[in-house]
Amino acid sequence: MYEVQGVPGHDATVPGMRVICVAGARPNFMKVKPVLDALEARGVETVLVHTEQHYDDAMSAIFFDELGIREPDRSLGVGSASQAEQTARVMTAFEPVVAEVAPDAVLVVGDVNSTMACALVAAKSGCLVGHVEAGLRSRDWSMPEEINRVVTDRVSDFLFATSPDAVENLQAEGYRADQIHLVGNVMVDTLLANLPRAQARGLPKSLDIESGGYALVTLHRPANVDDPATLNPIMAALAEIAQRCPVVFPVHPRTRAQLTAAALGVLLTEPLGYLDFIALEAAARVVLTDSGGVQEETTVLGVPCLTLRDNTERPITVTEGTNRVVGRDPQAVLRATWDVFERPPPARKPALWDGHAGQRIAEVLTAPAAAAQSRLRPTDVTR
Ligand code: UDP
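Residues numbered from 1 in each chain as written. Predicted model: local features only at pLDDT ≥ 70, side-chain atom pairs only at ≥ 80, totals over all residues. Heavy atoms only, no water.

Trainee: Looking at this model, I keep getting lost on the overall build of the protein. Mind explaining?
Mentor: In terms of helices and strands, the protein carries 16 helices and 13 strands. Relative to a compact globule of 383 residues, whose C-alpha radius of gyration would be 21 Å, the protein shows 21 Å and is just as compact. Every one of the 383 residues in the protein was classed for burial, and the buried ones make up 60%. Within the protein, contacts between residues at least 6 apart in sequence are counted, and of these 67% link residues at least 24 apart. Carbon and sulfur atoms make up 53% of the accessible area of the protein, which totals about 14,900 Å². (Helix = DSSP H or I, 4+ residues; strand = E, 2+ residues; numbered from the N terminus. Rg over C-alpha atoms; globule rule 2.2 N^0.38 Å. Buried < 20%, exposed > 50% of the residue type's maximum accessible area, 1.4 Å probe, protein only. Contact = heavy atoms within 4.5 Å. Areas by Shrake-Rupley, 256 points an atom, 1.4 Å probe, with all protein chains shown as cover.)

Following this line, the structure appears as structure tokens:
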């Protein structure tokens, strides 16, 4: 185990400490970058593992390039597969990496299969496990991500929460107070760090749209895109919106496979790079989405967001942001769209969504108390 040198602990560098940071899919890359930077600034040796759950240029390489993330130290090559097969492949490939690197801690981010798979392997190896974005709950067990969230938290020592509602969920599930750290939102760290650069580039010229005058769409949740009986009516609603203003829809690979009827007037594009996408988000009149991260980014940007789901694991974007959960009924989506055109919600920003979450995570991990983190799990606590 590493020893923290110097007093007080928060200013210490920890040259003996080694942390594996795991990223696997698009929404992980913007979350892992601020954590890597903050740990390295404190003298921690980091090992970046890319599981390659997303592996192509549009869903992976462009983010490393645009965000200045170094080449992964290990790439696991797991690729696309069924839920079980992908999880199994990540676990099988990650286990020897943990054995070889012998980290003090493994940090996982978000809620994808790689998050849960690597947390399980790390916990069994006996090293400390930290979950960045702990405690989010949709209470919708049909979402694979919800299972990943709950299982990952369950085997984690450090639970890094973005918002007070996540802290409350963790407390209600019986986690110890000393495991739970309200640190803010690492995705916002990356958004704020890159927004000026993204805006300076301007909107993608090929789209021929004007700032403040278009709707931006992302859809990739299985409940929305796997069944054409659900997706086609949503596309019809988008076509109706396109009669009032341009609609830009960068299509996720999962959605592309199901998109049988391209809606009239909707500008379909390949998935966009991060800088183009956040520039488009920031200047949109409204964003329609089923993404988790996009709900958060629009809140920080003060841009109206309509979430095409029945629930959200990020309720703070509704109570303290610009998000509205509207479901997937096309008429409800249209009503909500016209409504935000008339009455855009006021811009608000949750506490600690300030660009410094990565630093707070590194502070917690390198503090003297971290070395002595108890291996107790919640069920060890008598309630
Ligand atoms: N994003 C992007 N290009 C796109 C669509 C999204 O760079 O074409 C970014 C977006 O800004 C956010 C992240 O991808 O940072 C969200 O990822 P995604 O919606 O795939 O996953 P989720 O947040 O739902 O887990």
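Trainee: Mind showing me how you'd approach the layout of surface pockets here?
Mentor: Here the idea is plain: a probe the size of a water molecule rolls over the atoms and shows the empty space left. Roughly 1,000 Å³ of volume is contained in the largest pocket. As for the largest pocket, its lining consists of 45 residues, and the residues nearest its centre are P27, H54, M59, H220 and H252. When contributions to the lining of the largest pocket are tallied by element, the ones reaching two or more residues are helix 1 (26-41), helix 2 (57-67), helix 3 (83-101), helix 5 (144-154), helix 10 (253-256), helix 11 (274-282) and helix 12 (292-301). Across the lining of the largest pocket, the residue classes break down as 18 nonpolar, 15 polar and twelve charged. Size it by volume and the second largest pocket reaches roughly 190 Å³. Forming the walls of the second largest pocket are 15 residues, and the residues nearest its centre are K33, P34, D37, D189 and A193. When contributions to the lining of the second largest pocket are tallied by element, the ones reaching two or more residues are helix 1, helix 2, helix 7 (186-201) and helix 15 (357-366). Looking at the lining of the second largest pocket residue by residue, the classes come out as five nonpolar, five polar and five charged. (1 Å grid on protein atoms, 1.4 Å probe; cavity = no way out; pocket = protein on both sides within 12 Å on 5 of 7 lines; lining within 4 Å. Points joined across faces, edges and corners; volume = space filled by probe spheres on them. Nonpolar A, V, L, I, M, F, W, Y, C, P; charged D, E, K, R; others polar.)

Trainee: Whenever I open this one, the state of the cysteines confuses me. Can you help?
Mentor: Each disulfide consists of one covalent bond between the sulfur atoms belonging to two cysteines. One pass over the structure, following the stated rule, counts zero disulfides. The thiol sulfur of C118 is not disulfide-bonded, and the nearest other cysteine sulfur, from C127, lies at 11 Å. (Disulfide = S-S within 2.5 Å.)

Trainee: It is not clear to me how the pattern of salt bridges should be interpreted in this structure. Could you clarify?
Mentor: Think of it this way: side chains of opposite charge can pair up when their charged atoms draw near. Tallied over the entire structure, the rule returns 26 salt bridges. A salt bridge links R89 to E85, with the shortest nitrogen-to-oxygen separation between them at 2.8 Å. In this pair, R89 and E85 are both assigned in helix 3, four residues apart and thus about one turn of the helix distant. Residue E85 is classed as partly exposed on the basis of its relative accessible area of 41%. For D354, the salt bridge goes to R360, with nearest N and O atoms at 2.5 Å. Its relative accessible area of 31% is what places D354 among the partly exposed residues. Put simply, K31, D111, E133, E146, R149, E296, R309, E313 and R314 are held in one network by salt bridges that share partners. (Salt bridge = Lys/Arg side-chain N within 4 Å of Asp/Glu carboxyl O.)

Trainee: Where do I start with the packing of helix 3 against helix 4 (residues 113-125) in this structure?
Mentor: The description of two helices packed together rests on the angle between their axes and the distance between the axes. The N-to-C vectors of helix 3 and helix 4 enclose an angle of 40°; their axes lie 8 Å apart at closest approach. On the basis of the axis angle, helix 3 is oblique to helix 4. Viewed along their axes, helix 3 and helix 4 form a crossing whose handedness is right-handed. Residues Q83, Q86, T87, V90, M91, F94, E95 and V98 of helix 3 form the contact with helix 4, whose participating residues are N113, S114, M116, A117, C118, L120, V121 and S125. Looking at the contact of helix 3 with helix 4, its residues break down into nine nonpolar, six polar and one charged. (Axes fitted to C-alpha atoms, helices over the stretch in contact; angles between N-to-C directions. Parallel < 35°, antiparallel > 145°, perpendicular 65-115°, else oblique. Left-handed = near helix turned anticlockwise from the far one by under 90°.)

Trainee: Honestly, the side chain of N148 in this entry has me stumped. Any pointers?
Mentor: Looking at the secondary structure, you find N148 in helix 5. Judged by its relative accessible area of 4%, N148 is buried. Separated by 3.4 Å, the side chain of N148 and the backbone oxygen of V112 make a polar contact. Filtering out sequence-adjacent residues up to four positions away, N148 remains in contact with D111, V112, N113 and M116. (Polar contact = N/O pair within 3.5 Å; in protein donor to acceptor, adjacent residues only side chain to side chain.)

Trainee: When you look at the nonpolar core in this model, what are you seeing that I'm missing?
Mentor: Across soluble globular proteins, you tend to see nonpolar side chains buried next to one another. Among the nonpolar cores identified, the biggest contains 60 residues, and L39, L107, F160, Y214, L280 and I361 are the most heavily contacted of them. Ranked by residues supplied to this core, first place goes to helix 1 with seven residues. L238, V247, L306 and A336 belong to the second-largest nonpolar core, a separate cluster that totals 28 residues. (Core = buried A, V, L, I, M, F, W, Y, C linked by side-chain atoms within 4.5 Å.)

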